Amino acid sequence: MISERVLVALMRHVAGRTFNSRTLPSAHSSEHPLRVCASTPRTLYVHVPFCREICPFCSFHRLKLDRELAQRYFDALECELDSHLHAGHSYRYLYVGGGTPTILPDRLSRLLEGAYRRWPLESVSVEANPDALEGELLRRLVDSGIHRLSVGVQSFADRHLEAMNRLRKYGTGESIRDRLAAAAGMFETLNIDLIFNLPTQTEEEIRRDARVLRSLPIDQVTWYPLMPSDPTGNRHVAREQAQFSLINRLLADDFSPSSVWCFSRGATMIDEYVIDSHEYAGAGSGAFGFVAGTLYANTFSVVDYCRRVAQSGMPPTAMVRTFSPVERGLYRLLMDFFATFLPVARDDGFYDAVAGFLARLAPLLGAGSIEGGTVRLSLRGRYWLLVLMREFFAGVNALRQTCLAAAHYSGGSAGVGA
Ligand SMILES: C[S@@+](CC[C@H](N)C(=O)[O-])C[C@H]1O[C@@H](n2cnc3c(N)ncnc32)[C@H](O)[C@@H]1O
Ligand code: SF4
C-alpha cells in the first residue's frame, strides 16, 4: 500500500510539472484575446494591485501605494472597461480583488458606479482589509452596491498579526472581531480570509480562531493554507495536513465546504470566481482571464499597463496559452474538483471519460464516493486537491516572477510590482 506521504509528494510533483513557467509560457500577442474571442464570459475579475504596506507573507500581485500612479491606474482601468464594452462583452458578475481595492475609496466607488452603468450586474464582490470595516468607508462600501465583502483577517491571534506586519495597521484580533460583529447583515455575504500552517502556529490557536469565527455572524470563511511565495520553499506538509483535518472537524457543525478551502454557512456566493464561472475575463495589471479555451494574464508591469491602455484601450498580455481540447477538459476537471464535487457526465467525451475513471478510482483510494452522478470528495480527497491547488498557485507565482524579471530586463522597472 502506498503511504500517504508518498501520494502527497506525488501530487506535488505532478502539479509542479504541470503548472510552471514552461507550461504557462510568457508571450506577447499583438491582439488581446478579449478583442478577438467569439465567447462572451459573464464574469469579470478586476485587479487593484496597490497596498498601503506590503505584508511579508503575501504571494499575490501587489505593490506599495504610489498615489499618483494609482490615480493613473484607475483612469486606465476605466478605459479598459470601455474597451470590453465596445468589444461586445456584457458581464453579470464582478469580482474586484487585490492588492487593496479600497485603497482609494473615491476611485473604487467611481469604478463600481461605472460598472453598473455599463452592465446589468447581478452580483458584485470586493476584497478589503479590516480597516474598511468602520466609519465613512464602510458606509460607502454598503452604498456602492457590493453584495459580497471579503475581509482579510488572516488570524485572530495578535502574535501572528504582529509577525505578518498587520497588528499596527489593522488592530488586534479582538478589535477586528468587534468590527466584524458590527458589520453583520450589511452585505448579502460577509466572508473572512484566514490562513493556517503559519510558522509556529499551534492547534490551540486554530481552535481559538475557529471558536471566534463560529461566534461571529459570518456567512463564509476562506481558510487558506500558507502558500510559500518561493516555489521551492518548505510546505510543512505534516502540520498542514493535520491542521486541515482539524479545521474541517471544527467547522463541520456550522459550515459546509464550497471549495477545498472555502466554507459557507448557507448558499452564499463562493469565494473563487474560477469555480463559479467556467469562463471569465480579467481587467487590470496581472489579472488572469479564461475565454474560449485561452488562458491569459495581463502585464504585471503597472507602468506598462497604464501606458498601453492609454494608447490602445487594452493592456499587453504577459502570457497567453490556448488549451488543446484535452487540456480544456483537464482544466475543467480541476476547477470542478476544486468545488469538491465532480459531475460524472458533462456531454464532453474527454471530460466524461476521465471523470468516469476518477469516479471508479476515488472510492478505492478513500478519496471520495459517488452520490447521484457526482463524485463527492472525502476529507482525504479534499486534502489532495488542496495540494494540487496550492501548487497551481505556486506555479502562477513563479510565472509572475518570470514576467516581472522580463519587465525589469526590458527597462520597465518602475512600478512593475513587488
Ligand atoms: C491577496 S489578499 C487581497 C485582499 C486584502 N488585501 C487582504 O489582505 O485580505 C486576499 C487573501 O489572500 C490570502 N493570501 C495572501 N498571500 C497568501 C499566502 N502566501 N498564503 C495563503 N494565503 C495568502 C490572504 O488570506 C488574503 O486575505
Ligand atoms: S495580504 Fe493584502 S494587504 Fe497584504 S500585501 Fe497582500 S494584498 Fe496587500
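Residues numbered from 1 in each chain as written. Chains lettered and ligands numbered in written order. Predicted model: local features only at pLDDT ≥ 70, side-chain atom pairs only at ≥ 80, totals over all residues. Heavy atoms only, no water.

### A few points about the nonpolar core
The biggest cluster of nonpolar side chains holds 106 residues, and the ones touching the most others in it are Leu 180 and Trp 223. Looking at this core element by element, the count peaks at 12 residues for helix 15 (residues 379-409). When we break this core down by domain, the ones giving at least three residues each are domain 1 (1-24 + 324-404) and domain 2 (25-276). Here Leu 180 is in contact with Leu 133, Val 151, Val 153, Phe 156, Leu 190, Ile 192, Leu 216 and Ile 218, once residues within four sequence places are set aside. In this structure, Phe 57, Met 164, Ile 195 and Leu 198 belong to the second largest nonpolar core, which totals six residues. (Core = buried A, V, L, I, M, F, W, Y, C linked by side-chain atoms within 4.5 Å. Buried < 20%, exposed > 50% of the residue type's maximum accessible area, 1.4 Å probe, protein only. Helix = DSSP H or I, 4+ residues; strand = E, 2+ residues; numbered from the N terminus. Domains from an automatic or database assignment. Contact = heavy atoms within 4.5 Å.)

### Describing the site of ligand 2
Cys 51, Ile 54, Cys 55, Phe 57, Cys 58, Arg 62, Gly 99, Thr 100, Asn 129 and Arg 166 make up every residue found near ligand 2. Split into classes, the residues belonging to the shell around ligand 2 amount to five nonpolar, three polar and two charged. (Near = heavy atom within 4 Å. Nonpolar A, V, L, I, M, F, W, Y, C, P; charged D, E, K, R; others polar.)

### Re the environment of Phe 196
Its place among the elements puts Phe 196 in strand 7 (residues 189-196). Note: C-alpha distance between Phe 196 and Gln 154 (42 residues apart in sequence) is 8.2 Å. Discounting residues that sit within four places of it in the chain, Phe 196 has contacts with Gln 201, Ile 206, Trp 223, Tyr 224, Pro 225, Leu 226, Glu 240, Gln 243, Phe 244, Ile 247 and Leu 386.

### Section: unusual backbone geometry
Residue Gly 99 follows Gly 98 across a cis peptide bond; omega there is 15°. With respect to the helices and strands, Gly 99 occurs in the loop between strand 4 (93-98) and helix 4 (105-118). Phi angles above zero are rare outside glycine, and Asn 165 is one such case at about 65°. Secondary-structure assignment places Asn 165 in the loop between helix 6 (158-163) and helix 7 (167-170). Using a relative accessible area of 27% as the deciding quantity, one classes Asn 165 as partly exposed.

### Considerations on the packing of aromatic side chains
For the structure shown, the criterion picks out 13 aromatic pairs. An angle of 50° between the planes, with centres 5.6 Å apart, marks the rings of Tyr 224 and Trp 261 as tilted. Taken together, the residues span a long stretch of sequence, with Tyr 224 in strand 8 (residues 220-225) and Trp 261 in the loop between strand 9 (256-257) and strand 10 (262-264) at a distance of 37 residues. Neither residue differs from the other here; Tyr 224 and Trp 261 are each classed as buried. With a centroid separation of 5.8 Å and an interplanar angle of 50°, the aromatic rings of Trp 261 and Phe 393 are classed as tilted. Taken as a pair, Trp 261 in the loop between strand 9 and strand 10 and Phe 393 in helix 15 lie far apart in primary sequence, 132 residues in all. Relative accessible area serves as the criterion here: at 0%, Trp 261 is assigned to the buried category. The exposure class of Phe 393 is partly exposed, given its relative accessible area of 22%. The structure contains a cluster of three or more aromatic residues connected by ring pairs, namely Phe 50, Tyr 73, Phe 74 and Tyr 305. (Phe/Tyr/Trp six-rings, centres within 6.5 Å; stacked < 30°, edge-to-face > 60°.)

### Observations concerning helix 3 (residues 67-86)
Taking 1.5 Å per residue as the helical rise, helix 3 with its 20 residues ought to reach 28 Å, and the 29 Å between its terminal C-alpha atoms agrees with that figure. Taken residue by residue, helix 3 has Leu 69, Ala 70, Tyr 73, Phe 74, Ala 76, Leu 77, Glu 78, Glu 80, Leu 81, Ser 83 and His 84 as its buried positions. Taking the backbone nitrogen of Glu 68 as reference, a side-chain oxygen 3.2 Å away marks Asp 66 as the first, capping residue of helix 3. One or two steps after helix 3, the chain reaches Gly 88, where phi turns positive at roughly 90°. (Expected span 1.5 Å × (residues − 1). Polar contact = N/O pair within 3.5 Å; in protein donor to acceptor, adjacent residues only side chain to side chain.)

### A short note on the pairing of strand 12 (residues 288-291)
Every second residue of strand 12 is oriented toward a common face, with Phe 288 and Phe 290 on one face and Gly 289 and Val 291 on the other, all of them buried. Pairing geometry for strand 12 and strand 13 (residues 294-298), over four bridges, is antiparallel. If you follow Phe 288 over to strand 13, its bridge partner there is Ala 297. Once strand 12 ends, the chain turns through two residues before running back antiparallel as strand 13, passing Ala 292 with a positive phi of about 45°. (Pairing = 2+ DSSP bridges.)

### Topic: the packing of helix 3 against helix 12 (residues 302-312)
The interhelical angle for the contact between helix 3 and helix 12, taken along N-to-C directions, is 45°, at an axis separation of 9 Å. On the basis of the axis angle, helix 3 is oblique to helix 12. Here helix 3 and helix 12 pass one another in a crossing that is left-handed. In this structure, helix 3 contributes Leu 69, Arg 72, Tyr 73, Ala 76, Leu 77, Cys 79 and Glu 80 to the contact, and helix 12 contributes Val 302, Val 303, Tyr 305, Cys 306 and Val 309. (Axes fitted to C-alpha atoms, helices over the stretch in contact; angles between N-to-C directions. Parallel < 35°, antiparallel > 145°, perpendicular 65-115°, else oblique. Left-handed = near helix turned anticlockwise from the far one by under 90°.)

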